[in-house]
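What follows is the residue order along each chain.
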Amino acid sequence: MEVNNHDLGQPQQNSNIVHNSLPSENLSPQQGIQSSNHSSGNTHTLEAFAYLFMFITLYFVSAAIGMILHYSAEKFFPPLGNPGGDAGGLPDIFSWFVLDVIGSGYGLISPMIPYLATLIVVYPFFAVLFLWVNKRKLEDPAIRKLDIRKLFLYLTLAATFIFMLYKIIYLVMNLLTGNGSLNFLSHFSITASINLSIFLYCFFELREDKKFNA
Amino acid sequence: MRKYYYFIGIFTIFVILIIIGGIAQTGGPNSARNIKLDEERINNFRDISYEIDEYYESKNSLPTDLQVLMQSNPSAARLNLSDPESKKPYEYKKVSNITYQLCANFSTDSKEIAAEYDEYDYYDRYSESKKTHPKGYHCISYEIDDLGYDKEIDNYDDDTPNINISSADNTKRRSHVTQILNAIGAYAADNKGILPVAITTGEQEITEYQADLCNDLVPNYIPALPQDPVVGDNEITDCNITYDTGYFVSKDSNNRVTVSAPNAAGDKITITR
């Protein structure tokens, strides 16, 4: 299958794809015209938008999964003392968000419902966009150089790294002060694993970019 | 490309499991619908009991049936007297001169629901109703003046709260506490007896970070939140900035609201309605 030939990190065999991947200044005028249809900045507008939306949907999906798991943890590992706030329970800002923003006007609903709805609606978009941008990236490696892609990868990498650092400091602080309850640890594990997954995805993408450029 | 397909395949299974688990925990659409139906029933009961209070105030007796109540005044004509699910009329039973019952076929057990939602600190709006019910047919008893916020406000001058006035500031504090209580009462009267969500059973200071009443009350029910003379003696009109009134608020299990001024000279000023 053509797709298998384009596996990440593998030399591109298809001549058409090689043309598309080369910088236009190294091509003949004829080839340059052909390649400009694919590799110039203007023709990658669709891919740029796809990356933008993919990262937006990634944030929505990760937040929704995180909140559903946090609420589940709150149910299965109830806090021993005062729930909520920084005691290991759910962050106040999310309670406020659910109660006053999303939950407003719906009467009595479980706070998990808005996040379930978010996941049901946004996840298919994320999955389709994820597959499409990666397929396009393999077909046309020039997409790896898209500014918006790099920007989001670095921003997400930095944000997840800082947040993980904050969470680890918070974990150590709680352990040192004797607040390492099961409730707290479960919340920490959820946040850390989601953050770590996104961090690793961005990290490996950037590492592959480096390999590819080399 | 294959690895991306594998990744998204495994991730999709994970997401589906989360969605199934989440729906199982929330009870699904049917459970949510049942809760909403009961909430509507309780809200209808509140409206009816409020109108019965009004009727009693004007006629000094309870209506013989709900149709009589509907014809008594224009606001009562807007009452919803039918069950939202079965569309059958609610049952009204006159028990004594000041006691009556409203009956319906409830879809959930309020205690079970309250226990579940308390975990999220979210079921306040329901438990505030102080009307618990089992699943199935149940009658809720009411007494005249059960939700009589208006009467309490009107009769406030007759109240003899335990207030120790020992300075001019304390006079101001008493006035502030009264203003806050009036505003909360007016809010509840406009919202079918439901108190602002920020008021909890635990005593909290009226600030942006604890009992945040500013958006609920200002400017519709009070032009500005008053501030304790010790804290600043300003008038809080902008709810978007950090504020601190120096006054505390709480409610008890019977929905009686207490506003207090702990900075008062001498004894703490506390008024409960």
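Cut-offs used in this document
Residues numbered from 1 in each chain as written. Chains lettered and ligands numbered in written order. Predicted model: local features only at pLDDT ≥ 70, side-chain atom pairs only at ≥ 80, totals over all residues. Core = buried A, V, L, I, M, F, W, Y, C linked by C-beta atoms within 7 Å. Buried ≥ 20, exposed ≤ 12 C-beta atoms within 10 Å, placed from the backbone. Helix = DSSP H or I, 4+ residues; strand = E, 2+ residues; numbered from the N terminus. Contact = placed C-beta atoms within 7 Å. pLDDT = per-residue confidence, 0-100. Pairing = 2+ DSSP bridges. Axes fitted to C-alpha atoms, helices over the stretch in contact; angles between N-to-C directions. Parallel < 35°, antiparallel > 145°, perpendicular 65-115°, else oblique. Left-handed = near helix turned anticlockwise from the far one by under 90°. Expected span 1.5 Å × (residues − 1).

(A) Molecular detail of the nonpolar core. The biggest cluster of nonpolar side chains holds 27 residues, and the ones touching the most others in it are Ile 184, Leu 217, Tyr 247 and Val 249 of chain B. Within the residue set of this core, elements represented by two or more residues are helix H7 (168–190), helix H8 (214–217), strand S7 (244–251) and strand S8 (257–261) of chain B. For this core, the leading source of residues is H7 of chain B, giving seven residues. In this view, Val 249 of chain B contacts Ile 199, Gln 204, Ile 206, Ala 211, Val 257, Thr 258 and Val 259 of chain B; residues no more than four positions away in its chain are not counted. Judged by nonpolar contacts, the second largest core, of 25 residues, contains Met 54, Phe 55, Ala 73 and Phe 130 of chain A.

(B) Up close: the confidence of the model for chain B. All names here are of chain B. Averaged over all residues, the pLDDT of chain B is 77; the fraction at 70 or higher stands at 83%. Predicted confidence in chain B is weakest over helix H6 (residues 149–154), with a mean pLDDT of 36, and strongest over helix H1 (residues 2–26), with 91. In this model residues 119–130 is a low-confidence stretch, pLDDT under 50, and it forms 32 contacts with partners more than four residues away in sequence or in other chains. Low confidence marks residues 146–166, where pLDDT is under 50. Its contacts with residues over four positions away, or in another chain, come to 27 contacts. Across the interface, the model reports ipTM at 0.70; the global pTM reads 0.54.

(C) Seen up close, the sheet that holds strand S2 (residues 99–106) of chain B. Residues and elements named next belong to chain B. Spatially, the three strands line up as an open sheet ordered S1-S2-S3, and their pairing is antiparallel. Sheet topology places strand S1 (91–94) and strand S3 (136–143) at the edges, where each strand pairs with a single neighbour. Going from strand to strand, the sheet's axes swing by 25° on average, the running direction of each strand aside. Direction of pairing for S2 relative to S3: antiparallel, over a ladder of eight bridges. The partner of Cys 103 across the bridge, within S3, is Cys 139. Of the strands in this sheet, S2 and S3 are in contact with helix H2 (residues 28–59), which crosses S2 at around 160°.

(D) The arrangement of the packing of helix H4 (residues 45–76) of chain A against H1 of chain B in detail. Relative orientation of the contacting elements H4 of chain A and H1 of chain B amounts to 45°, with a least axis distance of 11 Å. In terms of axis orientation, H4 of chain A runs oblique to H1 of chain B. Remark: the crossing between H4 of chain A and H1 of chain B carries left-handed chirality. Contact with H4 of chain A, carried on its side by Ile 65, Ile 68, Ser 72 and Lys 75 of chain A, involves Ile 18, Gly 21, Gly 22 and Gln 25 of chain B of H1 of chain B and no other residues of that element.

(E) Geometry of the pairing of S1 of chain B. All names here are of chain B. In the sheet, S1 pairs with S2 via four bridges, with the strands oriented antiparallel. Within S2, the residue paired with Lys 93 across the bridge is Gln 101. With antiparallel pairing between neighbouring strands as the criterion, S1 and S2 make up a hairpin whose turn holds four residues.

(F) Representation of the confidence of the model for chain A. Residue and element names in this part refer to chain A. Scored by pLDDT, chain A comes out at a mean of 73, with 65% of its residues at no less than 70. Of all helices and strands in chain A, the one with the weakest mean pLDDT is helix H1 (residues 2–5) (38), whereas helix H6 (residues 112–139) scores best (91). In this model residues 1–41 is a low-confidence stretch, pLDDT under 50, and it forms 43 contacts with partners more than four residues away in sequence or in other chains.

(G) Inspection of H1 of chain B at higher detail. The end-to-end C-alpha distance of H1 of chain B is 36 Å, a good match for the 36 Å that 25 residues give at a rise of 1.5 Å each. Those residues of H1 of chain B not exposed but buried are Val 15, Gly 22 and Thr 26 of chain B. Residues of H1 of chain B that are buried sit in contact with H4 and H6 of chain A together with H2 of chain B.

(H) Quick peek at the pairing of S8 of chain B. All names here are of chain B. Every second residue of S8 is oriented toward a common face, the buried set being Val 257, Val 259 and Ala 261 and the non-buried set Thr 258 and Ser 260. Inspection of the sheet shows S7 paired to S8 by four bridges, in the antiparallel sense. Of the residues in S8, the one forming a bridge with Lys 251 is Val 257. The pairing of S8 with strand S9 (residues 269–272) spans four bridges and is classified as antiparallel. The residue bridging Ala 261 from the neighbouring strand is Ile 269, located in S9.

(I) Just the sheet that holds S7 of chain B, in detail. Residue and element names in this part refer to chain B. With antiparallel pairing, four strands are arranged side by side in an open sheet as S4-S7-S8-S9. Bordering the open sheet on either side are strand S4 (204–207) and S9, each of which pairs with just one other strand. Strand-to-strand twist of the sheet, defined as the mean angle between neighbouring strand axes without regard to direction, takes the value 30°. Across three bridges, the pairing between S4 and S7 is antiparallel.

(J) Fine view of the packing of H6 of chain A against H1 of chain B. Orientation of H6 of chain A relative to H1 of chain B, taken along the N-to-C sense of each, is 170°, at an axis distance of 10 Å. When the axes of H6 of chain A and H1 of chain B are compared, the pair comes out roughly antiparallel. Judged by residue contacts, Met 112, Ile 113, Leu 116, Leu 119, Ile 120, Tyr 123, Ala 127, Phe 130, Leu 131 and Asn 134 of chain A of H6 of chain A engage Tyr 4, Ile 8, Thr 12, Val 15, Ile 18, Ile 19, Gly 22, Ile 23, Gln 25 and Thr 26 of chain B from H1 of chain B.

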